[in-house]
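Summary of structural features
The primary structure of each chain is shown beneath.
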There are 2 protein chains.
Amino acid sequence: MKFIACDWGTSRLRLRWHGPEGLREIASDDGASRLAARGEDRARVFREALREAMLQLDAPVGLPVLVSGMASSSIGWRELPYATVPFSLTGSDVVGEWVESDVYLISGVRGESDMMRGEETQALGWAEQVGEALPDQVTLILPGTHSKHLRIDRGAIMAITTFMTGELFELLCQHSVLRHSVAADAPWDPAAFREGVAASAEDRLTSSLFQVRTRQVLAAQTGAANRSFLSGLLIGSELRALGSGETPIVLAAGPALRESYSMAAADCGLASRWSAIEVDGLAELGQRRLWKRLAPSTGN
Amino acid sequence: MKFIACDWGTSRLRLRWHGPEGLREIASDDGASRLAARGEDRARVFREALREAMLQLDAPVGLPVLVSGMASSSIGWRELPYATVPFSLTGSDVVGEWVESDVYLISGVRGESDMMRGEETQALGWAEQVGEALPDQVTLILPGTHSKHLRIDRGAIMAITTFMTGELFELLCQHSVLRHSVAADAPWDPAAFREGVAASAEDRLTSSLFQVRTRQVLAAQTGAANRSFLSGLLIGSELRALGSGETPIVLAAGPALRESYSMAAADCGLASRWSAIEVDGLAELGQRRLWKRLAPSTGN
């Protein structure tokens, strides 16, 4: 392809390029957070980190780089304003900037009271993938440290809602009193996970969370089961916010989260509205869609 | 008085004695958690910590010590089984043990799927304080790191529910992405607090929490206001779990929590059922009530 796809996250930097011999891909720990701490001259620090990563990737010299994620944030290469909703999935509303002659930063999108950086590009990629089959109304879920729910109406993102599901899970496992009641690296326990999903129906999360401890102390549940219970409680709590209705829901995630979110969705009564797809490659696909606009004459 | 009141918490050890010259009181960092880490022979470690604290208190030699809290837990002097609900506020259901000829440990209480150690003694103290005026049905709230809601019916605790309100607040302020959006030691901002209480009505806490960040990034709210907003969100979320009904609610807390919880209660529509009292001294009063049973002939 005619450009290099870059996903510059808070903690990781990833580059991908499809050459004649297939996909080349590298990832490093040069995330935005670490680079921002390194010095005052952000443009220089980010430029050098990118150059180093490009050497590792060993793609042809001179290809432009499209960058999604945190490089356009306040801890990034250059802070760009957010695009706003409604945000067309054609890519026509993207806010971006060439910060070098061959480096294009794609900015995030803000809603009325929420925002994202990076997920907008994945949403463009999903639109590219489904093409004409894009539903009239749909909620796209991109889970992770911060799970993003994107309400899409006739081809445009209308609203963004963030759930701190992944971050809360890690915080509680590592720093709270519950750390004594969950195992560090336990295999997934679907039965305990579903008990957590069921417990999320009570709608009083700050209390339900303590059940992780009471299950261990009073009911001798193991830390392995409790880890899955906590996950079910938090994911169930997130999915119940979707409420009732008919709007289809599409989850884009890796295999593990597809399995757990889909199980929780079924137990929350969302099965008839639910589908799940692989997230890997969506960001790059979104950049392809954008590339057609940036360089319409070069193809992709 | 004829005994020394001891509250042995996870992180603090407190002793109180009312002598002819008034109240003597000492507190140290010899909480159960620290002592449990010190060695294998728990009885020796706890006995020595208590002896040292007694020397500081300088009360008459030979007085018995009544101990509430974590000294009866798995990280304590000796682990005692929980008393169970229904738990009479006369003190007749207390589980306790003389671990030395002059040291009496008071164990905690468990409900169907929750438990407490220490708060049962405060509840006994409240019953001692109100005497004949104890309502037929009432919910007693003892807020803190873990806020306990005790459902009381005709003089007995029937159910316990724990809310992790205080611990979540500290965790989120110290370890989450929200730490960049809250000030470390900001004065209380009642208006922002009430905005947090209002936001808790949405009933999707893992999402509402992220508003602490979006308020800073998108609406330029200061970290000082955001700290109060977060507090309002978590306390509001706790109080909304009380639901509707007529049952009176009594909050026992120090001045700061009385003010914030009472403001949140009013905004959650609980004003007509709400009253708030000072918590200081309730544990000792509960031990007095118990002392009458342990040593009925000695008076108090």
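Residues numbered from 1 in each chain as written. Chains lettered and ligands numbered in written order. Predicted model: local features only at pLDDT ≥ 70, side-chain atom pairs only at ≥ 80, totals over all residues. Heavy atoms only, no water.

**Concerning helix α9 (residues 255-267) of chain A**
The α-helix winds at 3.6 residues per turn, so residues separated by three or four positions along the chain end up facing the same way. Residue and element names in this part refer to chain A. Short version of the rule: Helix and strand assignments come from DSSP, with helices taken as H or I runs of at least 4 residues and strands as E runs of at least 2, each series counted from the N terminus. To estimate how far a helix should reach, multiply one less than its number of residues by 1.5 Å. Note on classification: 1.4 Å probe, protein chains only; a residue is buried when its accessible area is under 20% of the maximum for its type, exposed when over 50%, partly exposed between these limits. Here, the arc refers to the directions that run from the helix axis to the C-beta atoms. Residue contacts follow a heavy-atom distance rule, with two residues in contact if any of their heavy atoms lie within 4.5 Å.
For α9, built from 13 residues, the straight-helix expectation of 18 Å at 1.5 Å per residue is met to within 8% by its first-to-last C-alpha distance of 19 Å. Three or more residues of α9 are buried, namely S260, Y261, A264 and A265. One side of α9 carries all its buried residues, which in axial view fall inside an arc of 135°. Check the buried side of α9 and you find it contacts β12 (147-153), α4 (165-175), α5 (190-199), α8 (223-240), β14 (249-253) and β15 (274-278).

**A word on the relation of the copies chain A and chain B**
Counted only if it meets this: Least squares is used to superpose the copies, and the fit set is the C-alpha atoms of residues whose pLDDT is at least 70 in both copies.
Between the two copies, chain A and chain B, the superposition gives an RMSD of 0.0 Å; the rotation angle is 180° and the shift along the axis is 0.0 Å. Each copy turns onto its partner about a two-fold axis. Same-surface contact between copies: 100% of interface residues of chain A are shared with the interface of chain B.

**So, the pairing of strand β15 (residues 274-278) of chain B**
Residues and elements named next belong to chain B. Keep this limit in mind: A pair of strands is treated as paired once DSSP finds two or more bridges between them. Classification remark: right-handed applies to a crossover when, strands pointing away from the viewer, the course from the first strand over the helix to the second runs clockwise.
For strand β14 (residues 249-253) and β15, the ladder comprises 5 bridges, and the chain directions are parallel. Note on β15: the bridge partner recorded for A253 is E278. For the handedness criterion, the β-α-β arrangement of β14, helix α9 (residues 255-267) and β15 is classed as right-handed.

**A look at the pairing of strand β1 (residues 4-8) of chain A**
Regular strands have side chains that alternate between both faces of the sheet. All names here are of chain A. Across the 5 residues of β1, 4 count as buried, placing the element largely inside the fold. Direction of pairing for β1 relative to strand β4 (residues 65-69): parallel, over a ladder of 5 bridges. Within the sheet, the bridge partner assigned to C6 lies in β4 and is V67. By the bridge criterion, 4 bridges tie β1 to strand β2 (residues 13-19) in an arrangement that is antiparallel. Across the sheet, the residue bridging to A5 is R16, located in β2. Here β1 folds back onto β2 in antiparallel fashion, the turn holding 4 residues.

**Some details on the sheet that holds strand β5 (residues 83-84) of chain B**
With mixed pairing, 3 strands are arranged side by side in an open sheet as β5-β9-β10 (chain B). Both edges of this open sheet fall to β5 and β10 (115-116) of chain B, since each of them pairs with a single strand only.

**Regarding the packing of aromatic side chains**
All names here are of chain A. Here is the rule: Any pair of Phe, Tyr and Trp rings, taking the six-membered ring for Trp, is counted once the centres come within 6.5 Å. Such a pair is stacked with planes under 30 degrees apart, edge-to-face with planes over 60 apart, and tilted for the rest.
Under the criterion given, the structure shown has 12 aromatic pairs over all chains. Aromatic side chains F3 and W291 sit 5.5 Å apart centroid to centroid with 35° between the ring planes, which places their arrangement in the tilted category. With a gap of 288 residues between them, F3 in the segment before β1 and W291 in helix α10 (residues 282-294) connect regions that are remote in the sequence. Assigned by exposure class, F3 and W291 land together as buried. Ring plane angle 45° and centroid distance 6.3 Å describe the contact between F46 and W77, whose orientation is recorded as tilted. In this pair, F46 sits in helix α2 (residues 42-57) while W77 sits in the loop between β4 and β5 (83-84), placing the two residues 31 residues apart along the sequence. W77 matches F46 in its accessibility class, with the two residues each being buried.

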